[in-house]
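Chain residues, written in single-letter form:
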Amino acid sequence: MIEARNFTYMFYGFAAAWTVIVIYVITLVTREKKLGQEVATLKKLIAEKEQSR
Amino acid sequence: MREKLLYGLGLAAMLYLVRNLYVIFLVLPDELAQGAIYRVFYFHLPGYFTAAICYLLAGIFSAMYLITRKWKWDSLAAAITEVGLPFAAMNLITGMIWGRIIWGIWWTWDPRLTSALISALIYAGYLMLRQAIPDPTERAKNSAVMAIFAFTSVIFTYKSNEWFRTQHPGPVLSIRTGGGTIDPQMEWMLAHNLLALLLLAGLLLAIRWRQEERQREIESLRREALSFS
Amino acid sequence: MSAAPSLLSAAWQIARKDLRQELRGKESLNAALSLTVVLLILFSFAFDPAAEDSKQWSGGLLWLVYSFAGALIVNRSFARELMNDCLEALRASPVPSSALFLGKAVACFLILMGVELTALPAFCVFYGVSLLGAPATFIATLALTTWAVTVLGTMFSALTVNLHMRELMLPVLVYPMLIPPLVAAIEITRGVITGEPVPEIWFRLLIGFDIIFTALAVALAEVVLTD
């Protein structure tokens, strides 16, 4: 019984360690997308400004 | 070129980590007193070391910024602090899960645990400070000063189980005890996993650093877009 | 005249200026003092001062109250100079940055010490504790901890002075860094109140943090206060 719990918690430990990394990678990817969009919008804005001048 | 290098680094880190998992689960035996649960230690300690190395480098990069005043160092310091935090979280969470089995409790207010948590809070505060300062020069300068102050908490954490009688186990690595406290095979495994996590951290740092530089680019583009309009 | 005395005398000039300003306006002094008393009263509802174990935790409570008062005081340290661009004037003056910083820290220290010593009798009366078991130890702890709070607090006050969210950011950044010296102060004060021996490590920790914080702050003052 105790052995089984010991084993389950070991599994939880590894799952937690990996989950943390996966969550961080996901935030990195979302930020990457957001930054890309922002650069695109700003470049468009600047191009429009150049044209209107 | 840089893209390919990053993919290569990512692949290498992944393969290494999978290889380590294989050895941890299928080759190494259970620990005598603790049974299977001791295996989280292979992430607990390397996770902390990775975080501590990130914090140390954040301090060094910050000092480099103050000396050279080059943006590169500021971006690097910001990126590596953020990369260190998930590893600190990994350390804290695996530690709690281990404590639940060995101590019977998730958390205890022991100097080691408390100071590790405080370090994470301080570095989270560093990231908040960065967000709160709009002017790039002032942001770089003030956060660099904070990073140097923040490192005192890392030293405190590292030394706390020497200074106090803690519930947290004492030093086990042979570089600190002179050997005899840990099976060499297990110590090797720790070194392997530390290397793997450092590789992973290096990859994350490269990605985060590029984002930080792009953020700077966005700030200057924004100034350009909003000027004279 | 050599560099060290001129630095110290310049620092003292700044400290005197800040103290005079504070004694005239009593901006943070009154606020800090009334906050301390209010908190002492409030805590007496949360924790029963008549309880048997009150000696165990009342020292911790005292330091909690003092650290709140400290945050209030250091917050004003540099913010006070924002009006009429006084900070720019101070930076332009021939006073070295480290002296400017030290002076401000000393002023904060003296103001906070004043608040603490004034509130101390109220604490002893409300919570029925006596600090006379080891008065010298307590006063030394009071001075060392107050210095740790003010030197670090003044540094972060300088770091956050230009922020809109200054009042919010300062405590968020400073409290975590102050935990080790505050824990040391709490442990020593508990020993003073209960009469139990205090492990030497807490004294060393407190002095060590004072030295490290002071050295880092003085070394980095130049960087923080000049652009």
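Use the structure listed above.
Residues numbered from 1 in each chain as written. Chains lettered and ligands numbered in written order. Predicted model: local features only at pLDDT ≥ 70, side-chain atom pairs only at ≥ 80, totals over all residues.

K.L.:
Describe the overall build of chain B, and please don't skip the residues or the numbers.
P.N.:
A tally of regular secondary structure across chain B gives seven helices and zero strands. Starting at the N terminus, the α and β elements of chain B follow one another as α-α-α-α-α-α-α. The burial tally for chain B puts 45% of its 229 residues in the buried class. Once local pairs closer than 6 in sequence are excluded, the contacts in chain B between residues at least 24 apart make up 77%. (Helix = DSSP H or I, 4+ residues; strand = E, 2+ residues; numbered from the N terminus. Buried ≥ 20, exposed ≤ 12 C-beta atoms within 10 Å, placed from the backbone. Contact = placed C-beta atoms within 7 Å.)

K.L.:
If you had to explain helix α8 (residues 200–225) of chain C to someone new, which residues and values would you point to?
P.N.:
In this model α8(C) runs 37 Å from its N-terminal to its C-terminal C-alpha over 26 residues, within 8% of the 38 Å that 1.5 Å per residue would give. Those residues of α8(C) that fall on the buried side of the exposure criterion are C:Trp202, C:Leu205, C:Leu206, C:Phe209, C:Phe213, C:Ala217, C:Leu220, C:Ala221, C:Val224 and C:Leu225. Buried residues in α8(C) make contact with α5 (136–163) of chain B together with α4 (86–92), α5 (97–127), α6 (135–159) and α7 (166–194) of chain C. (Expected span 1.5 Å × (residues − 1).)

K.L.:
So what's going on with the packing of helix α2 (residues 27–46) of chain C against α5(C)? Which residues, and what values?
P.N.:
Two quantities define a packed helix pair, namely the angle between the axes and the distance from one axis to the other. All names here are of chain C. Axis separation between α2 and α5 bottoms out at 10 Å; the angle between their running directions is 25°. Relative to α5, the element α2 is oriented roughly parallel. Crossing angle aside, the handedness with which α2 passes α5 is right-handed. In contact with Ser-28, Leu-29, Ala-32, Leu-33, Thr-36, Val-37, Leu-40 and Ser-44 of α2, α5 contributes Ile-111, Val-115, Thr-118, Ala-119, Ala-122, Phe-123 and Phe-126. Residue classes in the contact of α2 with α5 are distributed as 11 nonpolar, four polar and no charged. (Axes fitted to C-alpha atoms, helices over the stretch in contact; angles between N-to-C directions. Parallel < 35°, antiparallel > 145°, perpendicular 65-115°, else oblique. Left-handed = near helix turned anticlockwise from the far one by under 90°. Nonpolar A, V, L, I, M, F, W, Y, C, P; charged D, E, K, R; others polar.)

K.L.:
For helix α3 (residues 71–102) of chain B, give the residues involved together with the corresponding values.
P.N.:
Residues and elements named next belong to chain B. Counted at 1.5 Å a residue, the expected span for α3 with its 32 residues is 46 Å, and the 47 Å between its end C-alpha atoms agrees. Burial of α3 is extensive: 27 of the 32 residues sit out of reach of the surface. In the segment just after α3, Gly-104 is the residue with positive phi, at about 85°.

K.L.:
Could you give an account of unusual backbone geometry, with specific residues and numbers?
P.N.:
If you check the backbone angles, B:Arg69 has positive phi at about 60° while not being a glycine. Of note, the phi angle at C:Asn84 is positive, near 60°, even though the residue is not glycine. Of the residues examined, C:Asn84 has 8 C-beta atoms within 10 Å and is grouped as exposed.

K.L.:
Outline the interface of chain B and chain A, listing residues and values.
P.N.:
Listed per partner, the contact involves 29 residues of chain B and 24 residues of chain A. Contributions of two or more residues to the side of chain B that touches chain A are made by α2 (41–68), α3 and α7 (184–226) of chain B. The element best represented in the side of chain B that touches chain A is α7(B), accounting for 12 residues. Residue composition of the side of chain B that touches chain A, grouped by class: 16 nonpolar, six polar and seven charged.

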